[in-house]
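Tertiary structure, described
So you can see what is in the structure, the chains are spelled out below.
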Amino acid sequence: MTKMESIERFYGRSEELEKKFDAAEKAEDAQTMQACRDAYQVLVKKVQAEGEDFGNMMRLYSDMKKHGNSLLDLSGTYREPKKILQVFREFGVKEFTFSSTWSSAVQVAWEFTQLGCSLKGMTEIYGSGQKFMSNEYERIPAFIFSL
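So, how was this worked out
- Residues numbered from 1 in each chain as written.
- Predicted model: local features only at pLDDT ≥ 70, side-chain atom pairs only at ≥ 80, totals over all residues.
- Heavy atoms only, no water.
- Pairing = 2+ DSSP bridges.
- Helix = DSSP H or I, 4+ residues; strand = E, 2+ residues; numbered from the N terminus.
- Axes fitted to C-alpha atoms, helices over the stretch in contact; angles between N-to-C directions.
- Contact = heavy atoms within 4.5 Å.
- Parallel < 35°, antiparallel > 145°, perpendicular 65-115°, else oblique.
- Left-handed = near helix turned anticlockwise from the far one by under 90°.
- Nonpolar A, V, L, I, M, F, W, Y, C, P; charged D, E, K, R; others polar.

Some words on the sheet that holds strand S4 (residues 137–146)
Pairing is mixed in the open sheet, where 4 strands are placed in the order S1-S2-S4-S3. Of all strands in the sheet, those bounded by a partner on one side alone are strand S1 (72–74) and strand S3 (118–130). For this sheet the average axis-to-axis angle between neighbouring strands, irrespective of direction, equals 40 degrees. Alignment of S1 against strand S2 (residues 95–98), held across 3 bridges, turns out to be parallel. Following the sheet pairing, Leu 74 is matched in S2 by Phe 98. Contacting S1, S3 and S4, helix H3 (residues 52–67) runs over the sheet at an angle of about 110 degrees to S1. Contacting S1, S2, S3 and S4, helix H5 (residues 105–114) crosses the sheet at an angle of about 160 degrees to S2.

Quick notes on the packing of helix H1 (residues 3–26) against H3
For the pair H1 and H3, interaxial distance at closest approach is 10 Å and the crossing angle is 60 degrees. Comparing the axis directions of H1 and H3 gives the class oblique. Classified by chirality, the crossing of H3 by H1 is right-handed. Contact residues: Lys 3, Met 4, Ser 6, Ile 7, Glu 8, Phe 10 and Tyr 11 in H1; Phe 54, Met 57, Met 58, Tyr 61, Ser 62, Lys 65 and Lys 66 in H3. Of the residues in the contact of H1 with H3, the class split is 8 nonpolar, 2 polar and 4 charged.

Structure, rendered in structure tokens:
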């Protein structure tokens, strides 16, 4: 099993637990709610046992799924582009988006190209901010890179 397949399995299990918890909450089933919390903590410990890179990839994958995007997105400040790309390669990531608005974003995008990534263009993705009075995520511009 590849590392990304492991991420997908952990994410799927997390989603199952969330759905089960929501159903138990609606039914006011405190015992099942607690069992879901306990199972989730076990899941978190398993993810943590896989290491920091695995945990970071799990977060990126979870955000991608939660926001409704099809590619992993880097949206924060990144001071180690070489490390990020190394991890992406280890996990088999072929493309990703970069939507950072930090002052160093253009420099980081440039470093991605210098480290072998191709800038394929731009797109709109769902960011982390939600529209006012809505569960819908706001659309934001992002660069598309391929490794």
